[in-house]
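Observations on the three-dimensional arrangement
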Amino acid sequence: MSRHEELTPEEARADHRSMLRFLAMNAIFGFLLGLTIALSMIWFDFADLGTRIARSRNPWLVIFILATPLSFTFAGAVTASAVMLMPYKRKKDLL
């Protein structure tokens, strides 16, 4: 292991914070994307979904049951793709 690959504790902390911020932003983006898709499905009445929800006894519960898993699934997928695309190699090349 060469000296260029070693980080001081402060540099390592800053690097970890930037990676966590990167992953958190991607998770939030994925969550909002899933939420937008769920609400768009209701708004545009995809397969009579909006009509059925409007006629249900508990429309907010149905919306919650639809939007929550879809949002978390998109958050996980976007975060996983962000992990695969993290710029490890580029950082090492710059040193």
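If you're wondering where the values come from, they're calculated on a predicted model, not measured in any experiment. (Residues numbered from 1 in each chain as written. Predicted model: local features only at pLDDT ≥ 70, side-chain atom pairs only at ≥ 80, totals over all residues. Heavy atoms only, no water.)

1. Considerations on the packing of helix α1 (residues 9-43) against helix α3 (residues 59-84)
It is the contact of α1 with α3, at a shortest axis distance of 7 Å, that shows an interaxial angle of 145°. Crossing of α1 against α3: the hand is right-handed. Among the residues making up the contact of α1 with α3, the classes are represented as 22 nonpolar, five polar and no charged. (Axes fitted to C-alpha atoms, helices over the stretch in contact; angles between N-to-C directions. Helix = DSSP H or I, 4+ residues; strand = E, 2+ residues; numbered from the N terminus. Left-handed = near helix turned anticlockwise from the far one by under 90°. Nonpolar A, V, L, I, M, F, W, Y, C, P; charged D, E, K, R; others polar.)

2. Regarding α3
Because each turn of an α-helix spans 3.6 residues, side chains separated by three or four positions in sequence point in the same direction. Here α3 spans 38 Å end to end across 26 residues, near enough to the 38 Å set by a 1.5 Å rise per residue. Among the residues of α3, I63, A67, S71, A75, V78 and A82 are the ones counted as buried. Contacts from the buried residues of α3 go to α1 and α2 (49-55). (Expected span 1.5 Å × (residues − 1). Buried < 20%, exposed > 50% of the residue type's maximum accessible area, 1.4 Å probe, protein only. Contact = heavy atoms within 4.5 Å.)

3. Quick notes on the environment of F31
Position of F31 among the secondary structure elements: in helix α1. Along the chain, F31 and F74 lie 43 residues apart, while their C-alpha atoms are 5.8 Å from each other. Excluding residues within four positions of it along the chain, F31 makes contact with S71, F72 and A75.

4. Brief notes about the packing of aromatic side chains
Per the stated rule, a full pass over the model turns up one aromatic pair. Between the aromatic rings of F31 and F72, the centroid separation amounts to 5.2 Å while the plane-to-plane angle is 65°, which identifies the pairing as edge-to-face. Placement of F31 in helix α1 and of F72 in helix α3 is noted, with a sequence separation of 41 residues between them. Judged by relative accessible area, which is 29%, F31 ranks as partly exposed. (Phe/Tyr/Trp six-rings, centres within 6.5 Å; stacked < 30°, edge-to-face > 60°.)

5. Let's talk about a nonpolar patch on the surface
Taken together, the side chains of M25, I28 and L32 make up a nonpolar region of the molecular surface, amounting to roughly 300 Å² of accessible area. Within the secondary structure, M25 is located in helix α1. (Patch = residues over 30% accessible without salt bridge, like charges linked within 9 Å, V, L, I, M, F, W, Y side chains within 5 Å. Areas by Shrake-Rupley, 256 points an atom, 1.4 Å probe, with all protein chains shown as cover. Salt bridge = Lys/Arg side-chain N within 4 Å of Asp/Glu carboxyl O.)

Keep in mind that these numbers describe shape and distance, not what the molecule does.
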